[in-house]
Amino acid sequence: MIAVIDYEMGNLRSVQKAFETAGCKAVVTRERRTIEEASHVVLPGVGAFADCMANLERYDLVEPIRRSIAAGKPFLGICLGLQLLFSESEEFGLHKGLDLIPGRVRRFPSDGTGLKVPHMGWNALTITKPAPALRGVETGAYVYFVHSYVVEPREASVASSLTEYGQPFVSSIWRDNVFACQFHPEKSQSVGLRIIKNFAEWRP
């Protein structure tokens, strides 16, 4: 059973439906016991970094997240759910994250680049480390993005894919039982469904 963490930030039903389409049972929950009993845990997210961290703390969800990862459960972070895993974010000031992946979240540079921020729409992956969740996904596969901030891991080796938008940025990470992506697999059609199915079948 896959637990999709509900902290009132994110398109939870879309994520749940994507897992169901892939033939997997998923529940949207903020119950600690349900999260602890789940075989896989998903942290989606849309919105401001500080607000999301505040809601995780308000609903007492930080510890269940930490315990799930420490227990070795497959863990998926999506969009802001990726960023929250990092040490801190520069979005609207400096805010502490979960600090599970050392590094910082920074805004896309926009001055003088001619690039529109947020980065929105389809873009290609360059696979740098073949994570289990990316099995069968080739370099050049297109996925869907909506974001203004990017992660900068302290250790470059944690990156699983890069994407080009004016400059290369980390579009997914993989470390041990944690896979997280800046793009939205639930909006990425067949490629996204493959990633979701791969994650559901993952046994670290």
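Here goes a summary of the coordinates provided. (Residues numbered from 1 in each chain as written. Predicted model: local features only at pLDDT ≥ 70, side-chain atom pairs only at ≥ 80, totals over all residues. Heavy atoms only, no water.)

## Focus: the overall build of the chain
And then number 1: Counting its secondary structure elements, the chain contains six helices and 14 strands.
And then number 2: The C-alpha atoms of the chain give a radius of gyration of 16 Å, which matches the 17 Å a tight globule of 204 residues would have.
And then number 3: By principal-axis analysis of the C-alpha atoms, the chain measures approximately 50 × 35 × 30 Å.
And then number 4: Counting across all 204 residues of the chain, residues that qualify as buried make up 54%. (Helix = DSSP H or I, 4+ residues; strand = E, 2+ residues; numbered from the N terminus. Rg over C-alpha atoms; globule rule 2.2 N^0.38 Å. Buried < 20%, exposed > 50% of the residue type's maximum accessible area, 1.4 Å probe, protein only.)

## Describing the pairing of strand β12 (residues 159-165)
A regular strand places its side chains on the two faces of the sheet in alternate fashion.
And then number 1: The buried fraction of β12 amounts to five of the seven residues, a majority that puts the element mostly inside the structure.
And then number 2: Across two bridges, strand β9 (residues 126-127) lies against β12 in antiparallel orientation. Across the sheet, residue Ile-127 finds its bridge partner in β12, namely Ser-161.
And then number 3: Of the strand pairs in this sheet, β12 and strand β13 (residues 167-175) are connected by six bridges, and their pairing is antiparallel. By the bridge assignment for β13, Glu-164 is matched with Pro-168.
And then number 4: Where β12 folds back on β13, the antiparallel hairpin that results is connected by one residue, among which Gly-166 adopts a positive phi of roughly 80°. (Pairing = 2+ DSSP bridges.)

## Describing unusual backbone geometry
And then number 1: For the peptide bond that leads from Val-117 to Pro-118, omega is 15°, which places it in the cis range.
And then number 2: Residue placement: Pro-118 occurs in the loop between β7 (101-107) and β8 (119-124).
And then number 3: Even without a glycine there, the phi angle at Asp-176 is positive, about 55°.
And then number 4: When you line up the elements, Asp-176 lands in the loop between β13 and β14 (178-181).
And then number 5: The backbone phi angle of Gln-189 is positive, close to 50°, even though this residue is not glycine.
And then number 6: As for its position among the elements, Gln-189 is in helix α6 (residues 189-201).
And then number 7: Accessibility expressed as a relative area gives 58% for Gln-189, which makes it exposed.

## A short note on the packing of helix α1 (residues 12-21) against α6
And then number 1: One way to put it is that α1 packs onto α6 with a least axis distance of 9 Å and a crossing angle of 75°. One element, α1, and the other, α6, form an angle in the roughly perpendicular class. For the pair formed by α1 and α6, the contact residues are Ala-18, Phe-19 and Thr-21 on the first element and Leu-193, Ile-196, Phe-199 and Ala-200 on the second.
And then number 2: Tallied by class, the residues present in the contact of α1 with α6 amount to six nonpolar, one polar and no charged. (Axes fitted to C-alpha atoms, helices over the stretch in contact; angles between N-to-C directions. Parallel < 35°, antiparallel > 145°, perpendicular 65-115°, else oblique. Contact = heavy atoms within 4.5 Å. Nonpolar A, V, L, I, M, F, W, Y, C, P; charged D, E, K, R; others polar.)

## Looking at the state of the cysteines
And then number 1: Under the defined criterion, the tally for this structure stands at zero disulfides.
And then number 2: For Cys-24, which is in no disulfide, the shortest distance to another cysteine sulfur is to Cys-181 and amounts to 15 Å.
And then number 3: Left without a disulfide partner, Cys-79 is nearest to the cysteine sulfur of Cys-181, which lies 8.5 Å away.
And then number 4: Judged by its relative accessible area of 7%, Cys-79 falls in the buried class. (Disulfide = S-S within 2.5 Å.)

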